[in-house]
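# An overview of the molecular structure
Listed here are the chains, written in short residue letters.
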Amino acid sequence: MSESRDPNQITNRRSKFIEAASRGKILANKCAKCNHSNLETVYFCEKCSSDVFTTVEYAGLGDVVTFTIQSVAPEGFTDAGLYAWVVFKVDDAPFKVSGFLKDTHTPSDLPIGSKVQVTGFDEKHGLLLERV
Ligand SMILES: [Zn+2]
């Protein structure tokens with residue numbers, strides 16, 4: 001599958017990513033040349049610069065690497081209370097992604113290395129997570 005940069009294709013990739021997230025999965029691009037798995041948003045392989053990818057799906061599960069607790073809820077999340085922007089390393093994948101985890105009040109609520117699971121995707125804020 002050859003990728004081009006036309007807007008429709010980008011929209012398709014985004015909607016596929018969102019569809020996968022709604023099933024609790026993370027979509028990624030596996031390089032057809034060197035097998036390196038790249039984030040879905042990457043257009044050229046980080047290792048060999050090829051732009052030929054196949055789609056792979058990872059369980060949207062990973063370990064918290066770092067996070068920031070926000071005391072002001074963003075628009076659309078005013079009912080969420082305190083939340084954290086979490087960066088987590090996806091299990092079995094060579095990359096990290098970030099997402100939104102609600103009900104995180106203090107750093108002790110979320111020790112580094114905690115397991116989080118993708119539960120969905122918010123149009124404005126991105127991946128939604130929950131602790132597992
Ligand atoms: Zn490659």
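Our subject is the structure listed above.
A few points on the structure. As the structure is a prediction and not an experimental result, all values here were calculated from the model.

### Considering the environment of Lys47
Inspection of the secondary structure puts Lys47 in the loop between strand E2 (37-39) and strand E3 (53-59). Taking the C-alpha atoms as reference points, Lys47 and His36, separated by 11 residues in sequence, lie 6.9 Å from one another. Apart from residues lying up to four places away in sequence, Lys47 is in contact with Cys34 and His36.

### Here we look at the pattern of salt bridges
Taken as a whole and assessed by the stated rule, the structure comprises 6 salt bridges. A salt bridge links Asp91 to Lys115; the nearest nitrogen and oxygen atoms lie 2.8 Å apart. With Asp91 in the loop between strand E5 (83-90) and strand E6 (96-102) and Lys115 in strand E7 (residues 115-122), the pair connects residues that are 24 residues apart, well separated along the chain. In the salt-bridge network here, residues are joined through shared partners; they are Glu19, Arg23 and Glu57.

Procedures and definitions
- Residues numbered from 1 in each chain as written.
- Predicted model: local features only at pLDDT ≥ 70, side-chain atom pairs only at ≥ 80, totals over all residues.
- Heavy atoms only, no water.
- Helix = DSSP H or I, 4+ residues; strand = E, 2+ residues; numbered from the N terminus.
- Contact = heavy atoms within 4.5 Å.
- Salt bridge = Lys/Arg side-chain N within 4 Å of Asp/Glu carboxyl O.

Geometric values such as these leave the question of function open.
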